[in-house]
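As a plain string of letters, each chain reads:
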Amino acid sequence: ADRELPTVVLYSHYDVVGASEKGWQSDPWTLTSKDGFLYGRGTTDNKGPILAEMLAVQRFIYSHGNQGNVVFICEGEEESGSRGL
C-alpha cells in the first residue's frame with residue numbers, strides 16, 4: 001500500500017440465510033444451469049456483486065493506472081450479526 005495515495009474500502013458479504021427446498025426446482029445449495037441461466041442460493045447476494053467490484057477495480061487500474069489503494073472486506077457472518085468483524 002502506498003500511504004501517499006487515497007484508500008477505498010469495499011465491503012461485501014458472502015453468507016446467506018437458510019432456505020427450505022420449497023419453491024426451488026433444484027437443490028438451492030447446488031449451482032444449477034437451466035435454459036442458459038444459473039440458479040443457486042446466494043449467487044446474487046452477494047457473490048455476483050463481489051466479483052463485479054473486483055472486475056471493476058481491475059478494469060479501472062488497467063485503463064487509468066494505479067490511482068490508489070483498494071481494500072476488499074468480504075465477510076461470512078453478515079447474516080448472523082457480523083460478530084467477528
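Everything in this summary refers to the structure shown in the same document. From a predicted model like this one, the values you see are computed outputs, not experimental measurements. (Residues numbered from 1 in each chain as written. Predicted model: local features only at pLDDT ≥ 70, side-chain atom pairs only at ≥ 80, totals over all residues. Heavy atoms only, no water.)

1. What about the overall build of the protein?
Part 1: Assigned secondary structure in the protein consists of 1 helix and 4 strands.
Part 2: At 17 Å, the protein has a C-alpha radius of gyration far larger than the 12 Å of a compact globule built from 85 residues.
Part 3: If you line up the protein on its principal axes, its C-alpha atoms span 55 × 35 × 10 Å.
Part 4: Across the 85 residues of the protein, 14% fall into the buried class.
Part 5: Once local pairs closer than 6 in sequence are excluded, the contacts in the protein between residues at least 24 apart make up 64%.
Part 6: Per element, the accessible surface of the protein, about 6,600 Å² overall, is 55% carbon and sulfur.
Part 7: In the protein, 7 positive and 12 negative side-chain charges are present, and the distance between their average locations comes to 5 Å. (Helix = DSSP H or I, 4+ residues; strand = E, 2+ residues; numbered from the N terminus. Rg over C-alpha atoms; globule rule 2.2 N^0.38 Å. Buried < 20%, exposed > 50% of the residue type's maximum accessible area, 1.4 Å probe, protein only. Contact = heavy atoms within 4.5 Å. Areas by Shrake-Rupley, 256 points an atom, 1.4 Å probe, with all protein chains shown as cover. Lys, Arg positive; Asp, Glu negative; His and termini not counted. Charge placed at Lys NZ, Arg CZ, Asp CG, Glu CD.)

2. Considerations on helix 1 (residues 43-64)
Part 1: Taking 1.5 Å as the rise per residue, helix 1 with 22 residues should run 32 Å; its terminal C-alpha atoms sit 30 Å apart, in good agreement.
Part 2: Looking only at helix 1, the buried set comprises N46, I50 and V57. Looking straight down helix 1, one finds its buried side chains confined to an arc of 55 degrees; they lie on one side. Structural note: helix 1 exposes T44, Q58, R59 and Y62 on the side pointing more than 90 degrees away from its buried face.
Part 3: The positive-phi residue at the C-terminal boundary of helix 1 is G65, with phi of around 80 degrees. (Expected span 1.5 Å × (residues − 1). Arc of directions from axis to C-beta.)

3. Focus: the environment of P28
Part 1: Turning to its location among the elements, P28 is positioned in the loop between strand 1 (7-13) and strand 2 (32-34).
Part 2: Put simply, P28 and G42 are 14 residues apart on the chain and 8.8 Å apart in space, counted from C-alpha to C-alpha.
Part 3: Not counting the four nearest positions on each side in its chain, P28 is found in contact with S20, E21, G40 and R41.

4. A few points about a nonpolar patch on the surface
Part 1: A contiguous nonpolar patch, built from V9, Y11, V71, I73 and L85 and spanning about 440 Å² of accessible area, is present on the exposed surface.
Part 2: Mapped onto the secondary structure, L85 falls in the segment after strand 4 (69-75).
Part 3: For L85, a relative accessible area of 65% translates into the label exposed. (Patch = residues over 30% accessible without salt bridge, like charges linked within 9 Å, V, L, I, M, F, W, Y side chains within 5 Å. Salt bridge = Lys/Arg side-chain N within 4 Å of Asp/Glu carboxyl O.)

5. Remarks on unusual backbone geometry
Part 1: The backbone of D35 sits at a positive phi, close to 55 degrees, despite the residue not being glycine.
Part 2: Checked against the element boundaries, D35 lands in the loop between strand 2 and strand 3 (37-39).

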